[in-house]
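Remarks on the overall topology
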Amino acid sequence: MISLILHRVTRVIIHILLIFSIFLLLKGHNEPGGGFIAGLMASVSIVLVYLTYDIETVKRFMPISYPAMIALGLFFATGMGLGGVVLGYPFLTQTFDYFQIPLVGEIELATALIFDIGVFLTVVGATLLIISSIGEGS
Amino acid sequence: MINNLAVYPILIPLVAAIIQLFFAKNTFVQRVLSVVSSALILIAVVFLYIDVRTNGIQVYWMSDWVAPFGITIVADLLACFMLFLSALASLAMSAYAMVDIDANREKYFHFPLFQLLLMGINGAFLTGDIFNLFVMYEVMLMASYVLLAHGSEARQLRGSLHYVMINLFASTFFLFGIGLIYGITGTLNMADIAVAVQNADPDTQGLLTAVSMMLFVVFGVKTALVPLFFWMPDAYPQPPVATAAMFAAIMTKVGVYSITRTFTLMFPGDEFTLTVIKIVAVASMLIGVLGAIAQTNFRRLLAFHSVSQVGFMVLGVGFFSPMGLAGSIYFVMHHSMIKSSLFLCSGIAERLTGNRDIKKMGGIIEKHPFYSALFLIAAFSLAGLPPFSGFFGKLILLFAGAELNEYIFLAAILVGGFLTLFSMVKIWQMAYWGKREPEFNKVKVGSFIWGIIILVGMSMVLAIFVQPVYDMVLEAAEQLLDPSQYINAVLRK
């Protein structure tokens, strides 16, 4: 049975949840946040869609192959580590710098962000894979 | 420019697994990548070994955080030997898996999981940080849980349930042990722990011994030492042969390696712990082989033998002399080649006869003499007949025991070897000799035996060049017995 309230509320808060997860992703590294927690946040918002609607809606919402998403995430995370190796530093060595970006001003960009994006994709991919295989099984 | 060699054995399987994930549909690419990755690790390890021989123990700071704060990767001679074995075994298993793994398992990521298993194993051999050791154990175990249950046959699920439960229990225990160590010494870096234990105040000595025994229990579960071996004969017969062989060849050795590392580096030479280790080792040697004699399921029999053979390796650590440790390392090398080739042999016999019970096999030698000869060499080698590698492994251990006047243990080694021979002859008589059972299934044995040829061939190399190999393992053993080398290399004193 689909609750009307849940239905309407999900449509509104799904945006807030996803934006907040990206906020956590960008905030990570220096402050509480990061790829893992952001990935969980995004996954939870997708689980909410699954609970409110059904697995078909989730698939329409994100029409991608989940194993490929995991692979892409691992690729980003490992690739960031290998970047250090190529440049002659130990594996996973990180660096950061400050950049002037129009409208935003000076911000810090760290290579750890690439790693975090990788973790984010892996977590979301793994969660989606789990709920889609459970959802299809029933 | 920093030397990245030490981290390659972890990175290569990780990268291979990621590439394989991208080729989810194309299993041919996955199969080839498995073999290529193992071969690359093998090459990297040979270079690493040369590097360690010429420049001493290699230390690598992960992400440039200096020990004891960051995670350290340490490659000494023992780690090089273990890495060599894992690369060799994975090469043979990948060659076997190319033709063995069914399409359904291939489709559901058998090969990436295998590479991740390899990454965990290599990581455990290389890490110099005890918490990272725990993490690498978990990486290895996660992959092994999936590989064990992969395919979802009923008997697989039954075997893997025991395996998962006992390993979760052991991992929790491991975590408690690490917590206690951190509480006492305030560090997780193994070299730093070793220093802290040396300078520990005499009051904490009892607690430290208790913690070291806790770790011994954990590693005892993972290697399946008596009395914690009961999960193993249930778990190993279930998955595809290539997976079971990898578990038997290398995963049990990770535990042996951890025991060696713990009791030579962090808690060296304590009289009480060494006595416990020796008693447990002898009990495993005898109970394991007696269990094996009672079995008629080919793979269960081999799994029971693993319990017994691990006893020999751990006994060498218990002797705590250069010769004892050298014997232990030699035995690890011999056993990982021979036991995995025996598992692969059992896989072919199962395919030929469609049966797992050796009572229902028979007469394989009539049709497949070459394959039977390979089995015979491996079986005699396991039993310790000259001139095969098992004989020299036991001989070194016997000399080591005689040097220390530990005659009870010498008797145990001889009895264990004799009973092993008995059960190997049992397989040989029932499955390979005798009357040919109804027709065999049509199997291209030729395409399966490459892995066995690699492994048996390498064990012959061990046996023929026993003197140079002995000198190499003795060098590694002497390095182990002088922990200051490891400590100074890691802490840059």
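Please read these numbers as outputs of a predicted model, since none were measured by experiment.

Quick word on the overall build of chain B
Counting secondary structure elements, chain B contains 22 helices and two strands. In summary, chain B has a C-alpha radius of gyration of 21 Å against a globular reference of 23 Å for 493 residues, a match within 12%. Of all 493 residues assigned to chain B, the portion counted as buried reaches 65%. For chain B, long-range pairs separated by at least 24 residues make up 83% of all intrachain contacts whose partners lie at least 6 apart in sequence.

Notes on a nonpolar patch on the surface
A contiguous nonpolar surface patch, about 630 Å² in accessible area, is contributed by A:Leu72, A:Phe75, A:Phe76, A:Ile114, A:Ile117, B:Ile19, B:Phe22 and B:Phe23. At the level of secondary structure, the elements contributing two or more residues to the nonpolar patch comprise helix H4 (66-86) and helix H5 (112-137) of chain A together with helix H1 (8-22) of chain B. Per-element accounting of the nonpolar patch gives the leading share, three residues, to H4(A). Relative to the elements of secondary structure, A:Ile117 occurs in helix H5.

Some points on the packing of aromatic side chains
Residue and element names in this part refer to chain B. Tallying each qualifying case throughout the model produces 29 aromatic pairs over all chains. Ring centres of Phe312 and Phe331 lie 5.1 Å apart, and the angle between their planes is 15°; this geometry places the pair in the stacked category. With Phe312 in helix H13 (residues 298-319) and Phe331 in helix H14 (residues 322-353), this pair connects stretches of sequence that are 19 residues apart. Take Phe312: its relative accessible area is 0%, and that puts it in the buried class. Within the aromatic cluster, the residues linked to one another by ring pairs are Phe298, Tyr371, Phe375, Trp428, Tyr432 and Trp433.

Observations regarding the environment of B:Ser484
All names here are of chain B. Mapped onto the elements of the fold, Ser484 is located in helix H22 (residues 483-491). Sequence separation between Ser484 and Arg158 is 326 residues; the distance between their C-alpha atoms is 46 Å. Of note is the side chain of Ser484, whose polar atom sits 2.6 Å from the side chain of Asp482.

Section: the nonpolar core
Of all hydrophobic cores here, the largest spans 194 residues; its most connected members are B:Phe174, B:Tyr371 and B:Tyr432. Setting aside chain neighbours within four positions, we find B:Tyr371 in contact with B:Cys345, B:Ile348, B:Ala349, B:Leu352, B:Ile364, B:Tyr432, B:Val445 and B:Ile449. With 16 residues, the next largest nonpolar core counts A:Ile14, A:Tyr66, A:Leu121 and A:Ile131 among its residues.

Examining the confidence of the model for chain B
Residues shown with low pLDDT carry predicted positions that ought not to be read at fine detail. Per-residue pLDDT for chain B has a mean of 90; in total, 99% of the residues score no lower than 70. Overall fold confidence for the complex sits at a pTM of 0.92, while the interface term, ipTM, reaches 0.86.

Section: the environment of B:Phe409
Residues and elements named next belong to chain B. Within the fold, Phe409 resides in helix H18 (residues 407-432). For the pair Phe409 and Val282, spaced 127 residues apart in sequence, the C-alpha separation works out to 7.1 Å. Setting aside its immediate chain neighbours within four residues, Phe409 contacts Lys278, Val282, Leu315 and Phe319.

Side note on the side chain of B:Asn4
Along the chain, B:Asn4 turns up in the segment before H1. The class of B:Asn4 is buried, set by a relative accessible area of 6%. Once residues lying within four places of it in the same chain are set aside, the contact partners of B:Asn4 are A:Val85, A:Tyr89, A:Pro90, A:Phe91 and B:Tyr60.

Quick look at the interface of chain B and chain A
Taken together, the 17 residues of chain B in the interface contact 15 residues of chain A. Applying the counting criterion to the chain B and chain A interface returns zero salt bridges. The interface formed by chain B and chain A contains one residue pair in polar contact (both at pLDDT 80 or more). Only H1 and strand E1 (58-61) of chain B provide two or more residues apiece to the side of chain B that touches chain A.

Structural notes on H4(A)
Residues and elements named next belong to chain A. With 21 residues, H4 should reach 30 Å at 1.5 Å per residue; the first-to-last C-alpha distance of 29 Å fits that figure. Turning to H4, its buried residues are Tyr66, Pro67, Met69, Ile70, Ala71, Gly73, Ala77, Thr78, Met80, Gly81, Gly84 and Val85. A positive phi of about 90° marks Gly88, the residue just after H4.

Looking at the pairing of strand E2 (residues 105-110) of chain A
All names here are of chain A. Both strand E1 (residues 96-101) and E2 contribute to a ladder of six bridges, which runs antiparallel. Following the sheet pairing, Phe96 is matched in E2 by Ala110. Where E1 folds back on E2, the antiparallel hairpin that results is connected by three residues, among which Leu103 adopts a positive phi of roughly 75°.

What to know about the pattern of salt bridges
Note that side chains of opposite charge can pair when their charged atoms are close. Residue and element names in this part refer to chain B. Counting across every chain of the model gives 10 salt bridges over all chains. We note a salt bridge from Asp100 to Arg351, for which the minimum N-O separation is 3.0 Å. One end of the pair, Asp100, is in helix H3 (residues 77-100); the other, Arg351, is in helix H14, and 251 residues separate them in sequence. Given the relative accessible area of 33%, Arg351 is considered partly exposed. Notably, a salt bridge pairs Asp234 with Arg300, separated by 3.1 Å at the nearest N-O pair. Of this pair, Asp234 sits in helix H10 (residues 232-235) while Arg300 sits in helix H13, placing them 66 residues apart in sequence. Residue Asp234 is classed as partly exposed on the basis of its relative accessible area of 23%. Each of Arg299, Glu350 and Arg356 takes part in one network of salt bridges that share partners.

Thoughts on the packing of helix H7 (residues 154-185) of chain B against helix H9 (residues 205-223) of chain B
Residues and elements named next belong to chain B. One can describe the packing of H7 onto H9 by two numbers: an axis separation of 9 Å at closest approach and a directional angle of 155°. Viewed along their axes, H7 and H9 adopt a mutual orientation that is roughly antiparallel. Crossing hand, H7 versus H9: left-handed. Along its contact with H7, which presents Ile166, Asn167, Ala170, Ser171, Phe173, Phe174, Phe176, Gly177, Leu180, Ile181 and Ile184, the element H9 presents Leu207, Leu208, Val211, Met214, Leu215, Val217, Val218, Phe219, Val221 and Lys222. When grouped by side-chain class, the residues that make up the contact of H7 with H9 number 17 nonpolar, three polar and one charged.

Rules behind the numbers
Residues numbered from 1 in each chain as written. Chains lettered and ligands numbered in written order. Predicted model: local features only at pLDDT ≥ 70, side-chain atom pairs only at ≥ 80, totals over all residues. Heavy atoms only, no water. Helix = DSSP H or I, 4+ residues; strand = E, 2+ residues; numbered from the N terminus. Rg over C-alpha atoms; globule rule 2.2 N^0.38 Å. Buried < 20%, exposed > 50% of the residue type's maximum accessible area, 1.4 Å probe, protein only. Contact = heavy atoms within 4.5 Å. Patch = residues over 30% accessible without salt bridge, like charges linked within 9 Å, V, L, I, M, F, W, Y side chains within 5 Å. Areas by Shrake-Rupley, 256 points an atom, 1.4 Å probe, with all protein chains shown as cover. Salt bridge = Lys/Arg side-chain N within 4 Å of Asp/Glu carboxyl O. Phe/Tyr/Trp six-rings, centres within 6.5 Å; stacked < 30°, edge-to-face > 60°. Polar contact = N/O pair within 3.5 Å; in protein donor to acceptor, adjacent residues only side chain to side chain. Core = buried A, V, L, I, M, F, W, Y, C linked by side-chain atoms within 4.5 Å. pLDDT = per-residue confidence, 0-100. Expected span 1.5 Å × (residues − 1). Pairing = 2+ DSSP bridges. Axes fitted to C-alpha atoms, helices over the stretch in contact; angles between N-to-C directions. Parallel < 35°, antiparallel > 145°, perpendicular 65-115°, else oblique. Left-handed = near helix turned anticlockwise from the far one by under 90°. Nonpolar A, V, L, I, M, F, W, Y, C, P; charged D, E, K, R; others polar.

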